[in-house]
Amino acid sequence: GESVGLHLPTLSVQEGDNSIINCAYSNSASDYFIWYKQESGKGPQFIIDIRSNMDKRQGQRVTVLLNKTVKHLSLQIAATQPGDSAVYFCAETRMDSSYKLIFGSGTRLLVRP
Amino acid sequence: EPEVTQTPSHQVTQMGQEVILRCVPISNHLYFYWYRQILGQKVEFLVSFYNNEISEKSEIFDDQFSVERPDGSNFTLKIRSTKLEDSAMYFCASSRTGLFGYTFGSGTRLTVV
């Protein structure tokens, strides 16, 4: 079922530590996944993406892991900085679709100085 | 860096009134989308638009909603008779070819009173 509500799960980390944010996606037919960062009052900002034929992809300070067996996605942020504080959403889609994105319910990341 | 521009940033309207939310997608993009986000909840797909027609719409996008690309640069979302539950952030997005360059605007906060 869907997980919605006024209270987002929150991850609080110390500046400099690594962060891991998890997401369960819903559709086993989805073949493309994206992580977005959303700061207060702004739209979702692209962080990193991964196709279903991969299980890991690395960017600058970020890594996305995909486990299709259990429909699980994770975002790892290395050396977390205060500027990383935001809400993080995973999104899924199918590449043969109209490219609509289905968003997860989000995790708030708080970075303690 | 190219941006998706949305106006106004905040709109207050009376219940039953019509509103038009405006978006200027990135100039060489071909796919256009509207999403909404009720306060504290996840981002939800409303509609996708390609080649001057709707390619997919969600259950939320009922007869009260319409989209238009009137002049080759603007992309609008109209709500004919607003309800209290239409209060949300509305995000426009555009992409070059499907998933490439998928970019969100900063949103319009719609408040229906």
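Reading guide: rules and limits
Residues numbered from 1 in each chain as written. Chains lettered and ligands numbered in written order. Predicted model: local features only at pLDDT ≥ 70, side-chain atom pairs only at ≥ 80, totals over all residues. Heavy atoms only, no water. Pairing = 2+ DSSP bridges. Helix = DSSP H or I, 4+ residues; strand = E, 2+ residues; numbered from the N terminus. Axes fitted to C-alpha atoms, helices over the stretch in contact; angles between N-to-C directions. Salt bridge = Lys/Arg side-chain N within 4 Å of Asp/Glu carboxyl O. Buried < 20%, exposed > 50% of the residue type's maximum accessible area, 1.4 Å probe, protein only. Disulfide = S-S within 2.5 Å. Contact = heavy atoms within 4.5 Å. Buried area = accessible area lost by both parts, 1.4 Å probe. Polar contact = N/O pair within 3.5 Å; in protein donor to acceptor, adjacent residues only side chain to side chain.

(A) Looking closely at the sheet that holds strand E2 (residues 19–24) of chain A. All names here are of chain A. Reading across from one edge, E2-E7-E6-E5 is the order of the four strands in this open sheet, with antiparallel pairing throughout. Across the chains shown, the open sheet's two edge strands, defined by having one partner strand only, are E2 and strand E5 (56–58). Each strand axis lies, on average, 15° off the axis of its neighbour in the sheet, ignoring direction. Alignment of E2 against strand E7 (residues 72–77), held across six bridges, turns out to be antiparallel. Note on E7: the bridge partner recorded for Asn 22 is Ser 74.

(B) Structural context of the pattern of salt bridges. Taken as a whole and judged by the stated rule, the model has five salt bridges over all chains. Lys42(A) is the salt-bridge partner of Glu39(A), the closest N and O atoms lying 3.8 Å from each other. When the shortest N-O distance is used, the salt bridge between Arg36(B) and Glu44(B) registers 3.2 Å. For Arg36(B), a relative accessible area of 10% corresponds to the buried category.

(C) Quick peek at the state of the cysteines. Residues and elements named next belong to chain B. A complete count under the given rule lists two disulfides over all chains for this structure. Shown here is the disulfide that connects Cys 23 with Cys 92, its sulfur atoms set 2.0 Å apart. Judged by the sign of its S-S torsion, about -65°, the bond between Cys 23 and Cys 92 is left-handed. On the criterion of sequence distance, the pair formed by Cys 23 in strand E3 (residues 19–24) and Cys 92 in strand E9 (residues 88–95) is long-range, its members being 69 residues apart.

(D) Fine view of the interface of chain B and chain A. Counting residues at the interface gives 20 residues for chain B and 22 residues for chain A. Between chain B and chain A, a total of about 1,800 Å² is buried, with carbon and sulfur atoms accounting for 62% of that surface. When the buried surface of chain B facing chain A is broken down by residue, Lys42(B), Leu99(B) and Phe104(B) rank first, second and third, together holding 35% of it. If you look at where chain B meets chain A, you find one salt bridge. At the junction of chain B and chain A, the tally comes to six residue pairs in polar contact (both at pLDDT 80 or more). Mapped by element, the contributors of at least two residues to the side of chain B that touches chain A are strand E4 (31–37), strand E5 (44–50) and strand E6 (53–57) of chain B. Of all the elements, E4(B) adds the most residues to the side of chain B that touches chain A, at four residues.

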